[in-house]
Amino acid sequence: MATMTIAGVRPAGQLVDAYVLYDDGTASHMQVLEGQEPRLARPGRFVTAEEYAARLQELHVQNAAYVAGLEAADEARHRADFEALVGLGVPEGSARRMAGFHDGQR
Amino acid sequence: MARCGCGGGLCNCSVVAGENVTVGGSGSPANPYTVSANVGCDAVRPCLSGGDGIAYDAGTGVIGAAVSPAPGNNLAVGPDGLFVPTGAATVSTGCGLTGDGSGGAPVAAAVGTWPYPCDPDAAGGVVVCDSNGVLRGEPRGQINFFQVTETRAYADLAVPNELTVVDTFELAITNPDACRPATVLVEREVDVDFVLPAGAGASYGHDTDQMYYLRNTGSSTMNDAHTQTTKLYQYVAALAPGAGANILLPVSMDRGSGGATYNRIQVFIRAILISL
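Residues numbered from 1 in each chain as written. Chains lettered and ligands numbered in written order. Predicted model: local features only at pLDDT ≥ 70, side-chain atom pairs only at ≥ 80, totals over all residues.

**Some thoughts on the overall build of chain B**
Our working definition: Runs of H or I in DSSP of at least four residues are treated as helices and runs of E of at least two as strands, each being numbered from the N terminus. Radius of gyration means the value over C-alpha atoms here, while the globule rule gives 2.2 Å times the residue count to the 0.38 power. With C-beta atoms placed from the backbone, a residue is labelled by how many other C-beta atoms lie within 10 Å of its own: buried for 20 or more, exposed for 12 or fewer, partly exposed between the two.
Assigned secondary structure in chain B consists of 3 helices and 19 strands. The C-alpha radius of gyration of chain B comes to 51 Å, more than 25% above the 19 Å expected for a compact globule of 276 residues. Overall, chain B is about 170 × 35 × 30 Å in size when its C-alpha atoms are taken along their principal axes. Relative to its 276 residues, chain B shows a buried fraction of 18%.

Below is the structure:
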């Protein structure tokens, strides 16, 4: 992650990466100063960057699918609102804005 | 003998010179006996010896002062006799010392004046000699820094409605100062990514202190809504020299509603250890 730098100031130490898979499937990326030991606060194990990246990718895919489902439900609801408003004679542009219906166009 | 009238011929006295003795005169008032002894130096020297502080040469008969050759002895034998120079002649002071060892200027530490309103007996530092005989002052002050940042990714977990510690983070610190306790200042940051369907709300906090709440009042899902919060405080009053401590950061959540979930918590724990 980004680190602020100050011109002319020597960093207190280099950051060292560590990767963890906790027993409940949580993926973790840690950074500590060189020479300091990362500490696990709950059961888990240190893994390679590749193992971490693989698990993180699984979680990202899972999260994307979850959010996509929510957004699909939003879209369906917005469409229903839009169509109801149009059915009541509201002009289409106004109905689209009132319903928040973008027909997949963001 | 005068009563006997030796010099008058009434009686006779016989005086014989022994070894190294001569006898002169006739014993009369006008010419009395004169007894003289003549003893050479060689005969006397064996009778003499030198004690402490005396150098005696039995061969030459010279008697002088015995001056110890031990280092640091300033006694000298000069043409005028024994001489011990004053400190002023042998003492040369450098930085941190003053005086020349004389009666009027004894050697002393060169010190400054105490400019503070507090009592130096209670507040002053100390100067000691180390094992090599070198003067040493108070231990050097130290400022040490520890830090961890951790980002955990979760599988879209529900935000609880009641105050709950959902996860805990940790930073191990050790006071590297072998002399002084350290004051520990801790800065902690938390950032949580919430997914809030329309109408959902969620809150998170540090320990049990709620720091952030957001409710989605719109009609669309808010994906990865997040705000980073921070606190700075003194964690422990004094961490003993060489001692360690674990700084925990429990992240709590509550007020979860409407299907709110979280998928990411990022924390920073920074500790500054000050030993002065």
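**Re the packing of helix H1 (residues 49-87) of chain A against helix H2 (residues 92-99) of chain A**
Packed helices, taken two at a time, are described by the angle their axes make and the gap between the axes. Residues and elements named next belong to chain A. Condition: Working convention: axes come from line fits to C-alpha atoms, limited for helices to the stretch in contact. Angles between N-to-C directions cover 0 to 180 degrees. Handedness of a crossing follows from how the near helix is turned relative to the far one, being left-handed for an anticlockwise turn of less than a right angle and right-handed for a clockwise one. Whether two residues are in contact is decided by their C-beta atoms, placed from the backbone, lying within 7 Å.
At their nearest, the axes of H1 and H2 sit 8 Å apart, and the two run at 145° to each other. Classified by chirality, the crossing of H2 by H1 is right-handed. Between H1, through His78, Asp81, Phe82, Leu85 and Val86, and H2, the contact on the second element is made entirely by Glu92, Ala95, Arg96, Met98 and Ala99.

**Regarding the interface of chain B and chain A**
The accessible area lost on association of the parts is a frequent measure of interface size. Heads up, the rule is: Charged residues are taken to be Asp, Glu, Lys and Arg, nonpolar residues to be Ala, Val, Leu, Ile, Met, Phe, Trp, Tyr, Cys and Pro, and polar residues to be all remaining types, Gly included. We call two strands paired when DSSP finds no fewer than two bridges between them.
Across the contact, 25 residues belong to chain B and 28 residues belong to chain A. In terms of residue class, the side of chain B that touches chain A is made up of 12 nonpolar, 9 polar and 4 charged. Pairing of strand E2 (residues 27-33) of chain A with strand E11 (residues 142-158) of chain B, which is carried by 6 bridges, proceeds in the antiparallel orientation. Across the sheet, A:Val32 pairs through a bridge with B:Val148, a residue of E11(B).

**Describing the domain arrangement of chain A**
Basically, it comes down to this: Domain segmentation is taken from an automatic or database assignment of domains.
Segmentation of chain A into domains returns domain 1 (12-47) and domain 2 (53-106). Each of domain 1 of chain A and domain 2 of chain A has a C-alpha centre, and these two points are 38 Å apart.

**Here's the deal with the environment of B:Asn175**
All names here are of chain B. One can find Asn175 in the loop between strand E12 (164-174) and strand E13 (182-196). Residue Asn175 is classed as buried on the basis of its 22 C-beta neighbours within 10 Å. Expressed as a C-alpha distance, the spacing of Asn175 and Asn216, which sit 41 residues apart in the sequence, is 45 Å. Beyond its immediate sequence surroundings of up to four residues, Asn175 is in contact with Pro181, Ala182, Leu239, Ala240, Pro241, Gly242, Ala243, Leu273 and Ser275.

**Digging into unusual backbone geometry**
Residue and element names in this part refer to chain B. With a phi angle near 55°, Asp207 is a residue other than glycine that sits in the positive phi range. Judged by local crowding, Asp207 falls into the partly exposed class, with 15 C-beta atoms found within 10 Å. Backbone geometry at Asp224 places phi at a positive 60°, although glycine is not the residue there. Looking at where Asp224 falls in the secondary structure, it is placed in strand E16 (residues 222-225).

**Looking at the confidence of the model for chain B**
What counts is decided by this rule: Per-residue confidence from the predictor is given as pLDDT, running between 0 and 100.
Scored by pLDDT, chain B comes out at a mean of 89, with 95% of its residues at no less than 70. For this predicted complex, the interface score ipTM comes out at 0.88, alongside a pTM of 0.73.

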